[in-house]
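Survey of secondary and tertiary structure
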Amino acid sequence: MSKRLYGVDLGGTTVKMGLFDTEGNVLTKWEIPTVKDQGGKQILPDIAEAIKKNMAENNIAKEDVIGVGIGVPGPVDKDGVIYKAANLGWGVFSVRNTLSDLLDGIKVEAGNDANVAALGEMWKGGGKGHKNMVAVTLGTGVGGGIIIDGKILTGAHGAGGEIGHMHVRDGETRTCGCGNHGCFEQYASATGLANMAKEHFAGFKGNTCLKADDLTAKAVFDGVKAGDDLCKEIAAEYGEYLGKGLAVITSTIDPEALVIGGGVSKAGQILIDCLKPAFIENVFADCRDCDIKLATLGNDAGTYGAAKLVL
Ligand code: ZN
């Protein structure tokens, strides 16, 4: 029988799972709930059981499984040790060894979920064909993953690629989720964009399609597409922060591509158009050819990347 891989994307409410062949084709995908009771001690046993059940259903022998990759929501070091996942109630332990033991010795590799999703986009998504890329997720916060020579930049503390917490503005009074002030994600996330929309909306006297009770990223970009002046003003400010931040990262890493995903990226090409001027203006000239692309795997990036971890 041909060899198989499993990719697992562990989230706060569900665990997404996929069975893959070695070419990266997904053969089956499914989800199980994340049971967080009692310090999350049931999470890995549930995952192991789901994999064993899938193996039995598909007549997959242990020898045919190259491995199981898992992305987890917290900093994970090179040895598969997670440092904290407050969200799951977990302490410090080796996710890699624990899950491997539960799977009777099948090889397991673990990584941080955002980094693993970046690897997925490189393998089968918007970053396909690239070996040096940065994936940026613009959601409630800003996540990131840096891939160098086809490998995740894990960092010394498992926090490599945490681009959301680069300091980009002095004098910010609001506190970021990390405890600092003036972090990139305070402006470049969907939340940051909504805050900008609120500020601009409050002081605007002209006609606009925006409504006080719907100042979301989607409403702003829909307005830009419709030619709304206020929306264009908000998107320009947002694009300034996003473009500058991405220029800083690009000038440091010199990637072939930036791949942008997350809820805000649903706006499509218009998002890239709004960040491009500030990006080009601020990026180091030698890195200017970096391709800025949209992510294509959506919520599946994590399972693809997790499977790729074991190859
Ligand atoms: Zn922060």
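Just so we're clear, the structure is a prediction, and the values are computed from it rather than from any experiment. Think of each chain on its own: its residues are numbered from 1, step by step along the sequence as written. Residues qualify for local features only when their pLDDT is at least 70, as the model is predicted, and side-chain atom pairs are given and counted only at 80 or more; totals for whole chains, interfaces and linings, by contrast, use all residues. Derived side-chain values reflect all non-hydrogen atoms in the structure, with water molecules and hydrogen atoms excluded from consideration.

Thoughts on the sheet that holds strand β9 (residues 142-148)
The strands that make up a sheet pair up through hydrogen bonds in the backbone, lying either parallel or antiparallel. One open sheet accounts for 5 strands, arranged β10-β9-β8-β11-β12; its pairing is mixed. Because the sheet does not close on itself, it has two edges, and the strands there are β10 (151-152) and β12 (291-294). Two strands pair under a simple rule: DSSP has to find at least two bridges between them. Numbering of helices and strands runs from the N terminus; a helix is a DSSP stretch of H or I covering at least four residues, while a strand is a stretch of E covering at least two. Across 5 bridges, strand β8 (residues 133-138) lies against strand β11 (residues 257-261) in parallel orientation. When the bridges of β11 are listed, Ala-135 appears paired with Val-259. Against the sheet, helix α8 (residues 229-253) engages β8, β9 and β11, with an angle of about 155° to β8. Any two residues whose heavy atoms approach within 4.5 Å at even a single point are treated as in contact. Axis lines are fitted through C-alpha atoms, for helices just across the contact stretch, and the angle between N-to-C directions can take any value from 0 to 180 degrees.

Brief notes about the environment of Thr-296
With respect to the secondary-structure elements, Thr-296 resides in the loop between β12 and α10 (301-309). You can call Thr-296 exposed: its relative accessible area is 56%. Sequence separation of Thr-296 and Ile-253 is 43 residues, and the distance between their C-alpha atoms is 22 Å. Ignoring any residue separated from it by four or fewer positions in sequence, one finds Thr-296 in contact with Glu-121, Lys-124, Gly-125 and Gly-126. There is a polar contact of 3.2 Å between the side chain of Thr-296 and the backbone nitrogen of Gly-126. Exposed residues in this analysis have more than 50% of their type's maximum accessible area, buried residues have under 20%, and partly exposed residues fall in between, with area computed by a 1.4 Å probe over protein chains only. Counting of polar contacts relies on pairs of N or O atoms within 3.5 Å, with two restrictions inside protein: one atom must be capable of donating a hydrogen and the other of accepting it, and residues adjacent in sequence are counted only when both atoms are side-chain atoms.

Remarks on the coordination of the zinc ion
As a rule, N, O and S atoms within 2.8 Å of a metal are its donors, except that Na, K and Ca use 3.2 Å; water is not among the atoms, so sites may look incomplete. The protein atoms donating to the zinc ion are His-165 (ND1), Cys-176 (SG), Cys-178 (SG) and Cys-183 (SG), with metal-donor distances spanning 2.0 to 2.3 Å. Each of the 4 donor atoms around the zinc ion contributes to a set of angles spanning 106 to 120°, which defines the coordination as tetrahedral. Read from N- to C-terminus, the donor residues coordinating the zinc ion fall into the pattern H-x10-C-x1-C-x4-C. Residue His-165 is located in the loop between β10 and α5 (185-188), and its partner Cys-178 is located in the loop between β10 and α5; the two are separated by 13 residues in the primary sequence. In these descriptions, tetrahedral denotes four donors with every angle between 85 and 135 degrees, square planar four donors and octahedral six donors with opposite donors over 155 degrees apart and the rest between 65 and 115, and irregular any other case.

As for a negative patch on the surface
Taken together, Asp-149, Asp-254, Glu-256 and Asp-286 make up a surface patch of like negative charges. Relative to the helices and strands, Glu-256 is located in the loop between α8 and β11. Grouping into patches uses exposed residues only, defined as over 30% relative accessible area, and leaves out salt-bridged ones; the cut-off is 9 Å for like charges and 5 Å for nonpolar side chains (Val, Leu, Ile, Met, Phe, Trp, Tyr). Residue-level accessible areas treat just the shown protein chains as cover; the underlying method is Shrake-Rupley with a 1.4 Å probe. By salt bridge we mean one thing: a side-chain nitrogen of Lys or Arg within 4 Å of a carboxyl oxygen of Asp or Glu. We count Lys and Arg on the positive side and Asp and Glu on the negative side, and we leave His and both chain ends out. Throughout, a charge is located at the NZ atom of Lys, the CZ atom of Arg, the CG atom of Asp or the CD atom of Glu.

Focus on the nonpolar core
Counting residues in hydrophobic clusters, the biggest one holds 43 residues, and the most contacted among them are Phe-221, Tyr-238, Leu-246 and Leu-271. When residues of this core are traced back to their parent elements, those giving at least two are β8, β9, α5, α6 (190-202), α7 (217-225), α8, β11 and α9 (269-282). Other than its neighbours up to four places away in sequence, Tyr-238 contacts Leu-138, Tyr-187, Ala-188, Ser-189, Leu-193, Met-196, Phe-221, Val-264, Leu-271 and Cys-274. Leu-19, Leu-44, Leu-88 and Leu-103 belong to the second-largest nonpolar core, a separate cluster that totals 31 residues. Among buried residues, those of type Ala, Val, Leu, Ile, Met, Phe, Trp, Tyr and Cys that are joined through side-chain atoms within 4.5 Å constitute a nonpolar core.

A short note on the sheet that holds strand β3 (residues 26-33)
The strand order across the open sheet formed by 5 strands is β3-β2-β1-β4-β7, and the pairing between neighbours is mixed. Only two strands of the sheet have a single neighbouring strand rather than two, namely β3 and β7 (108-112). The sheet shows a mean angle of 15° between the axes of neighbouring strands, direction not considered. Note: strand β1 (residues 4-10) against strand β2 (residues 14-21), 7 bridges, orientation antiparallel. Across the sheet, Asp-9 pairs through a bridge with Lys-16, a residue of β2. Of the strands in this sheet, β1, β4 (65-72) and β7 are in contact with helix α4 (residues 113-124), which crosses β7 at around 105°. Seen against the sheet, α10 touches β1, β2, β3, β4 and β7 and runs at an angle of roughly 130° to β1.

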